[in-house]
Amino acid sequence: MAQYMFLLFDSEEWYDNLTRDEWQQAMKLHGEFAAAVEKAGARILGGEALERSNTASTVKNREGAEPLVTDGPFIETREALGGFYVIEARDLDQALELAKLCPSGNIEVRPVMPTTEDAAPPA
């Protein structure tokens, strides 16, 4: 089984007028997604929702200079990273099928790079 990171991107505008019931419905959809992952024989190894991008800080490491710390995200985008899952799936095909079930506007699926001593360097 391979590991895949699901990066969940969406507009943050839905937070602006979110009711308690809408939040609970969103969490219910994520619970149903978790059940579908398990039913498919895959596993969720981790995942979290993230606070809004305006709560972010960015550290930019600069060669020969002190790191620069700024408030907010490094780049301006229409959609922001709102959460993530780490999924263990048979292969990329299964990971993509599971991503189609994930209740988020846009899901970027990336293989997790093995970093153990016996892992081959990236191609």
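Taking an unreviewed UniProt entry as the reference, the chain is identified by name as YCII-related domain-containing protein belonging to Kribbella soli. Taken verbatim from the UniProt record of the chain, the Sequence similarities (unreviewed entry) comment is "Belongs to the YciI family."

Once that is clear, we can look at the environment of Leu-68. Relative to the assigned elements, Leu-68 resides in strand S4 (residues 68-71). The class for Leu-68 is partly exposed, based on a relative accessible area of 37%. As for Leu-68 and Thr-58, which are separated by 10 residues in sequence, their C-alpha atoms are 8.0 Å apart.

Another aspect to go through is the sheet that holds strand S5 (residues 80-89). Within the open sheet, the four strands sit side by side as S2-S5-S1-S6. Their pairing is antiparallel. Unpaired on one side and paired on the other, strand S2 (43-49) and strand S6 (106-111) mark the two borders of the sheet. Going across the sheet, the axis of each strand differs from the next one's by a mean of 20°, ignoring polarity. Inspection of the sheet shows strand S1 (residues 2-10) paired to S5 by nine bridges, in the antiparallel sense. Bridging across to S5, Asp-10 finds its partner in Ala-80. Relative to the sheet, helix H1 (residues 20-39) contacts S1, S2 and S5, its axis offset from that of S2 by approximately 160°.

When you line up the elements, Gln-94 lands in helix H2 (residues 92-99). A relative accessible area of 6% means that Gln-94 is categorised as buried. When neighbours within four sequence positions are excluded, Gln-94 is seen to be in contact with Ala-40, Ala-42 and Ala-89.

Looking now at H2. When we look at burial in H2, the residues that qualify are Gln-94, Ala-95, Leu-98 and Ala-99. Take H2 and look down its axis: the buried residues cluster within an arc of 140°, on one side only. Those residues of H2 that are buried are in contact with S1, H1, S5 and S6. The backbone nitrogen of Asp-93 lies 3.2 Å from a side-chain oxygen of the residue at the head of H2, namely Asp-91.

Turning to the nonpolar core, a few remarks are in order. Grouped together as the largest cluster of nonpolar side chains are 14 residues, with contacts concentrated most on Phe-6, Phe-33, Tyr-85 and Ile-87. Secondary structure elements with two or more residues in this core: S1, H1, S5 and H2. When residues are assigned to domains, this core turns out to be shared by domain 1 (13-46) and domain 2 (53-109), each giving three or more.

The final tally for this structure, using the stated rule, is four aromatic pairs. Measuring from ring centre to ring centre gives 6.4 Å for Phe-6 and Phe-33, while their planes differ by 40°; the resulting arrangement is tilted. Of the two residues, Phe-6 is situated in strand S1 and Phe-33 in helix H1; the sequence distance between them amounts to 27 residues. An aromatic cluster is defined as three or more aromatic residues linked by ring pairs; in this entry it consists of Phe-6, Phe-33 and Tyr-85.

Reading the values: rules and limits
Residues numbered from 1 in each chain as written. Predicted model: local features only at pLDDT ≥ 70, side-chain atom pairs only at ≥ 80, totals over all residues. Heavy atoms only, no water. UniProt positions renumbered as here; feature names shortened; annotations may be inferred. Helix = DSSP H or I, 4+ residues; strand = E, 2+ residues; numbered from the N terminus. Buried < 20%, exposed > 50% of the residue type's maximum accessible area, 1.4 Å probe, protein only. Pairing = 2+ DSSP bridges. Axes fitted to C-alpha atoms, helices over the stretch in contact; angles between N-to-C directions. Contact = heavy atoms within 4.5 Å. Arc of directions from axis to C-beta. Polar contact = N/O pair within 3.5 Å; in protein donor to acceptor, adjacent residues only side chain to side chain. Core = buried A, V, L, I, M, F, W, Y, C linked by side-chain atoms within 4.5 Å. Domains from an automatic or database assignment. Phe/Tyr/Trp six-rings, centres within 6.5 Å; stacked < 30°, edge-to-face > 60°.

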